[in-house]
Amino acid sequence: MRRRGTWLLLLPTWLVLGMFFLVPLVLTLVLSLRQRGVYGGVAPIPDLGAYVTSGSFLGNYARSFAGIYAGIGWRSLWMAVLTTALTLAIGYPVAYALALRAPRRWKDLLLGLVVVPFWTSFLIRTYAWMFLLRTEGLVNRLLLGTGAVDRPLEILYTELAVMIGLVYGELPFMILPLYASLEKLDRTLLEAAADLGAGRVSSFWRVTVPLTAPGIAAGIVLVFIPSLGQFVVSDLLGGARSMLLGNLIQNQFAVARNQPFGAALAFELMAAVLLLLLAYAFYMKRKGEEVLL
Amino acid sequence: MKPWILSAPLGLLLLAGCGAGEKAAEAPKEPRQLNIYIWTNYLPQDVLADFEKRTGIKTRVDTYDSNETILAKLQSGVADYDIAVPSDYMLKALISENLVRELDRSRLQGFENLDPRFLNQKFDPENRHSIPYVWGTAGIGYDTTKVAAPIDSWGALFDPRYKGRILMLDDAREAFGTVLKLQGKSLNETDPAVLRQVAEVLKKQKALVRTYNSSDFANLLTAGDVDVAHGWNGEMAEAVASSKGKLAYVVPKEGGTLWIDSVVLPTSGRNTDAAYEFLRFVLEPEIAARIVNGIHYAGANRAALPKIDEAIRNDPAIYPPQEVLDRCELLEDLGPTTELIDELWTEIKAAS
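Quick caveat, the model's predicted, so the values are computed rather than measured.

Caption draft 1: Layout of the overall build of chain B. Scanning chain B from N- to C-terminus turns up 13 helices and eleven strands. In terms of overall dimensions, chain B has a C-alpha envelope of 105 × 45 × 40 Å along the principal axes. Taking all 352 residues of chain B together, the buried fraction comes to 58%. Contacts in chain B between residues far apart in sequence, at least 24 positions, make up 74% of those at least 6 positions apart. If you sum the accessible surface of chain B, you get close to 15000 Å²; carbon and sulfur atoms cover 54% of it. Side-chain charges of chain B comprise 39 positive and 51 negative groups, with the mean position of each set lying 3 Å from the other.

Caption draft 2: Molecular detail of helix H6 (residues 122-133) of chain A. Residues and elements named next belong to chain A. Taking 1.5 Å per residue, twelve residues should reach 16 Å; H6 reaches 17 Å between its end C-alpha atoms and fits that length. Within H6, burial applies to Arg-125, Thr-126, Met-130 and Leu-133. Burial along H6 is one-sided: seen end-on, the buried residues are contained in an arc of 160°. What points out from H6, more than 90 degrees from its buried face, is the exposed set Ile-124 and Phe-131. Buried residues along H6 sit against helix H7 (138-145), helix H8 (159-183) and helix H12 (232-236). In this structure Ser-121 caps H6, since a side-chain oxygen of it lies 3.1 Å from the backbone nitrogen of Leu-123.

Caption draft 3: The confidence of the model for chain A, seen in detail. Here chain A averages 91 in pLDDT, and 97% of its residues register 70 or above. Mean pLDDT values for the elements of chain A range from 88 in helix H1 (residues 2-32) of chain A up to 95 in H8(A).

Caption draft 4: Geometry of the environment of B:Asp115. All names here are of chain B. Within the fold, Asp-115 resides in the loop between helix H4 (88-96) and strand S4 (131-143). On the accessibility criterion, Asp-115 (11% relative accessible area) is buried. With 184 residues separating them along the chain, Asp-115 and Gly-299 place their C-alpha atoms 8.9 Å apart. Every residue in contact with Asp-115, bar those within four places of it in the chain, is listed here: Ala-300 and Arg-302. Only 2.9 Å separates the side chain of Asp-115 from the backbone nitrogen of Arg-117, close enough to count as a polar contact.

Caption draft 5: The side chain of B:Asp227, seen in detail. Residues and elements named next belong to chain B. Here Asp-227 shows up in the loop between helix H7 (217-222) and strand S7 (228-232). Asp-227 gets classed as buried once you look at its relative accessible area, which sits at 7%. The contact partners of Asp-227, leaving out residues within four places of it in the chain, are Gly-141, Tyr-142, Asp-143, Lys-146, Arg-165 and Leu-221.

The rules behind each value
Residue indices begin from 1 for each chain and proceed along its sequence in written order. Chains carry letters from A onward and ligands carry numbers from 1 onward, assigned in written order. Side-chain atom pairs in this predicted model are given and counted only at pLDDT of 80 or more, local residue features only at pLDDT of at least 70, and totals for whole chains, interfaces and linings cover all residues. To obtain the side-chain values, all non-hydrogen atoms of the structure were included, while hydrogens and water were left out. Secondary structure elements follow DSSP: runs of H or I of four or more residues count as helices, runs of E of two or more count as strands, with numbering from the N terminus. The classification of residues rests on relative accessible area computed with a 1.4 Å probe and restricted to protein chains. Under 20% of the type maximum is buried, over 50% is exposed, and intermediate values are partly exposed. Throughout, a contact is declared for two residues whenever any of their heavy atoms are within 4.5 Å. The method behind every accessible area is Shrake-Rupley, applied with a 1.4 Å probe, and residues are considered shielded solely by the protein chains displayed. Counted as positive: Lys and Arg. Counted as negative: Asp and Glu, with His and the chain ends omitted from the count. Taken as the charge location is NZ of Lys, CZ of Arg, CG of Asp or CD of Glu. In this scheme, a helix's expected span is set at 1.5 Å multiplied by one less than its residue total. Note: the arc covers the axis-to-C-beta directions of the helix. In the analysis that follows, any N or O atom pair within 3.5 Å is treated as a polar contact, provided that within protein one partner can donate a hydrogen and the other can accept it, and provided that, for residues neighboring in sequence, both atoms belong to side chains. The pLDDT score gives, residue by residue, the confidence of the prediction method on a 0 to 100 scale.

Structure (structure tokens):
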């Protein structure tokens with residue numbers, strides 16, 4: 001009796017998971033095993049047996065490991081790692097100042113300012129960066145005007161511009177979980193560390209950082225995963241020149257009309273993300289912490 | 001007798017009847033919808049507003065910047081656009097994939113206003129599915145103050161002197177076209193060996209290209225982000241006209257693309273009546289002229305010509321002289337080769 005009740009209560013969860021996660025996942029998998037038709041769509045399979053035994057059904061996966069596409073995979077991974085490292089390096093001091101140094105009456109306002117950019121569409125904010133970074137843009141006019149440079153810097157449509165856009169976009173997702181865990185920090189422990197003779201640097205590395213590790217882990221996951229699949233930033237700020245995995249996938253569906261290949265790439269990306277999430281969950285469990293996601 | 005007591009229920013009934021009657025009359029008046037899928041910068045806002053005001057139809061406009069996107073969107077089966085505006089070669093593909101409707105000529109007015117030069121083309125014989133909307137060329141727009149001599153060849157897009165100052169259309173067929181024309185070949189080359197070799201040239205060119213862009217090319221040229229830009233004539237001509245002689249547009253001597261964009265009714269659209277109203281609307285010479293005046297692309301409506309601004313009508317970049325048209329070529333649907341081009345273009349864009 002109790003058992004059936006539990007099942008009924010779980011039903012909505014299963015329905016949502018099934019409809020929005022499992023079904024699309026299976027559809028993507030099936031699509032990824034087929035081949036495109038001449039104009040797009042999928043080509044009919046004349047002989048299923050031969051299709052399977054010849055290994056053709058893995059053709060899209062094999063293609064995805066070819067030099068050029070594997071290269072894009074590595075570059076996307078590298079950009080995502082770099083984005084995560086930079087947001088952490090910038091976000092930690094900001095969150096630290098917000099949680100532990102800011103006067104109480106300023107705190108809410110400052111925290112609000114971190115969130116305010118979300119009120120504007122990310123696309124529009126990315127366009128704003130284009131106006132800032134372009135050859136005759138605000139940044140260059142400022143630099144030229146003050147004599148800091150004698151010819152305009154070419155920032156827009158470079159990897160640097162993509163990096164700026166990525167770090168800018170993901171920063172709040174790093175600051176917020178860090179803030180949450182720094183806010184919870186038991187300050188008496190810092191006093192105890194000082195009493196026991198730890199200097200400021202030593203108590204930061206040996207007390208503050210380990211205690212906020214769950215926030216750091218959550219921030220890393222929240223930043224790393226979206227930056228791995230980004231395509232808007234590299235399209236607009238990178239000038240559609242340097243492709244990331246997200247662009248390659250989007251391109252296969254929207255322009256090249258090779259849906260099966262796009263599905264295979266998407267599936268691989270999902271598998272990578274899933275592995276990362278499992279590692280995160282495992283880490284949090286071992287620390288005996290609640291999994292934040 | 002108190003007649004009003006008797007009449008009261010009657011009155012109520014009458015009132016109720018009126019109410020029902022009103023409702024029945026109002027039902028078809030609920031705002032009709034028209035979903036338009038069209039190139040960026042292709043439909044002036046005031047023209048669209050007039051269409052809504054006159055017909056009471058609510059429009060929703062989505063835009064794209066490549067023919068390939070139209071095919072992908074219509075093929076997906078989830079889009080329900082009532083109007084789309086593909087170019088020549090893509091129109092042919094849409095017809096062969098059964099993605100567009102056959103037009104009922106009896107529901108159109110003003111078909112005879114169209115310029116016969118753009119009718120009955122190979123991509124849609126007898127215009128059974130389409131009405132030509134605007135036409136133009138692809139060429140090069142450039143900043144005369146930043147280049148040594150006037151540009152007259154596609155070679156400029158491959159010139160190392162302009163490294164980092166070149167913009168290419170983010171469009172497979174147009175990009176392949178520049179190299180094919182440079183090599184004196186047809187835009188519609190289908191030999192895989194030739195196409196592969198063209199793809200290698202485009203991969204090498206990537207080091208010189210600042211950005212690939214099909215929706216904003218003229219603005220980037222105006223803003224000074226690039227000096228030499230591959231692009232379509234209308235937006236280029238507009239940029240040139242407002243640049244006070246700083247910018248120029250040329251159809252290279254090797255020849256370029258001539259394109260004709262046509263209005264079609266996708267089969268997935270559900271508001272066919274509203275779509276026909278839209279077709280009749282854009283066929284009116286007055287409206288056709290306002291569209292040309294707004295978007296600076298040449299119209300296919302002959303009767304509209306006298307109503308078009310003189311500056312636009314006489315701009316050789318918009319209405320090119322015959323000798324320019326003579327060296328231009330229409331893109332054709334390449335059939336099975338489409339797949340190879342898609343794949344090679346992916347490789348080019350993916351190359352680092």
